[in-house]
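Residue-level structural notes
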Amino acid sequence: LSAASSPHTLATLLKQWCRSLSPPLVPPNVADAVRALPASAPISSALAKLPPAHRATLTFLARFVREHFLGDGVVALTKMGLDNLTLIFGPCFFGDSSDAIAGVMNLNAEQDFVRRLLNELPPRAGVSLAQALDTLKSAKSNGSAGSGNSAVGGGDVPPQKPGAPSRFGSLHRTSRAPPATPPKK
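Residues numbered from 1 in each chain as written. Predicted model: local features only at pLDDT ≥ 70, side-chain atom pairs only at ≥ 80, totals over all residues. Heavy atoms only, no water.

Within the secondary structure layout, Pro-23 lies in the loop between α1 (7-20) and α2 (28-35). Those residues in contact with Pro-23 that sit more than four places away from it in its chain are Pro-28 and His-54. (Helix = DSSP H or I, 4+ residues; strand = E, 2+ residues; numbered from the N terminus. Contact = heavy atoms within 4.5 Å.)

Right, dumping it as structure tokens:
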């Protein structure tokens, strides 16, 4: 992808990819059980019903959406709050229904699941990418790279701390640069 790619294009690609999965991230054989998750049940009980690859992909995407689209002034910039994101990602995670009436009837339950997933999914455990790179740089500068004593652990990347610089540079701008104006002739 070029550096000039629009964030809208990237979001559309993500949605199309999710919708193209067969079976969807929440497969039809467990979708009804996931939609019917009682409010008192932990979100992990719904995730446990999913095949491991689906569970891992769904939790990665949910954390990614939460960490990069629901914080640090991003919502103010994009106007895409939690309700809008649940409306977008419900059909992406559950797949499009071939029956329009069933799709409409399931929409609220799917949105509730996505909302709970974004709100209740625990943060990632492990070492952040920035911490891993710092450790590797430090080990290399100390001549201990490759010694097998690296402090870089496995696991997922934890969420970014509020106010910390973004790992993705200008993706988290909170203000837009003024448009360039062509010189007057």
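Next comes the rest of the description.
The next subject is the packing of aromatic side chains. Throughout the structure, instances matching the rule amount to four aromatic pairs. Ring centres 5.5 Å apart and planes at 35° place the aromatic pair Phe-89 and Phe-93 in the tilted group. Pair noted here: Phe-89 and Phe-93 are both in helix α6 (residues 82-94), with a separation of four residues, about one helical turn. Judged by centre distance (5.6 Å) and plane angle (85°), the rings of Phe-94 and Phe-113 are edge-to-face. Linking Phe-94 in helix α6 with Phe-113 in helix α7 (residues 100-120), this pair joins segments that are 19 residues apart in sequence. Assigned by exposure class, Phe-94 and Phe-113 land together as buried. (Phe/Tyr/Trp six-rings, centres within 6.5 Å; stacked < 30°, edge-to-face > 60°. Buried < 20%, exposed > 50% of the residue type's maximum accessible area, 1.4 Å probe, protein only.)

Detailed reading of the predicted coordinates is not advisable wherever pLDDT falls low. Per-residue pLDDT for the chain has a mean of 74; in total, 65% of the residues score no lower than 70. Confidence drops under pLDDT 50 across residues 144-179; counting only partners more than four residues distant or on other chains, this segment forms 48 contacts. (pLDDT = per-residue confidence, 0-100.)

Now for the pattern of salt bridges. Summed over all chains, the structure comprises five salt bridges. The salt bridge partner of Glu-110 is Arg-35, with a shortest N-O separation of 2.9 Å. Of this pair, Glu-110 sits in helix α7 while Arg-35 sits in helix α2; the two residues are 75 residues apart in sequence, bridging distant segments of the chain. As far as the burial class goes, Glu-110 and Arg-35 line up, both buried. (Salt bridge = Lys/Arg side-chain N within 4 Å of Asp/Glu carboxyl O.)

Next up on the list: helix α4 (residues 52-69). Between its terminal C-alpha atoms α4 stretches 25 Å, which fits the 26 Å expected from 18 residues at 1.5 Å a residue. Looking only at α4, the buried set comprises His-54, Leu-58, Thr-59, Leu-61, Ala-62, Arg-63, Val-65, Arg-66, Glu-67 and His-68. In this structure, the buried side of α4 is in contact with α1, α3 (43-47), α5 (74-78), α6 and α7. (Expected span 1.5 Å × (residues − 1).)

As a further point, take the side chain of Gln-111. Within the secondary structure, Gln-111 is located in helix α7. In this structure Gln-111 touches Asp-83, Thr-86 and Leu-87, once residues within four positions along its chain are discounted.

Attention shifts here to unusual backbone geometry. A cis amide bond links Ser-22 with the next residue in sequence, Pro-23, at an omega value of 0°. In this structure, Lys-79 takes a positive phi of about 65° despite not being glycine. Among the secondary structure elements, Lys-79 is positioned in the loop between α5 and α6. The class for Lys-79 is exposed, based on a relative accessible area of 61%.

This paragraph deals with the side chain of Thr-59. Within the secondary structure layout, Thr-59 lies in helix α4. On the basis of relative accessible area, Thr-59 is assigned to the buried category, the value being 12%.

It is worth spelling out the nonpolar core at this point. Side chains that are nonpolar tend, in soluble globular proteins, to be buried together. Among the nonpolar cores identified, the biggest contains 26 residues, and Val-26, Leu-58, Phe-93, Phe-113 and Leu-117 are the most heavily contacted of them. Of all elements in the fold, only α2, α3, α4, α6 and α7 reach the threshold of two or more residues within this core. When residues of this core are assigned to their parent elements, the largest contribution, five residues, is made by α6. Those residues in contact with Phe-93 that lie beyond four places of it in its chain are Cys-18, Pro-24, Leu-25, Val-26, Leu-58, Leu-61, Val-114 and Leu-117. (Core = buried A, V, L, I, M, F, W, Y, C linked by side-chain atoms within 4.5 Å.)

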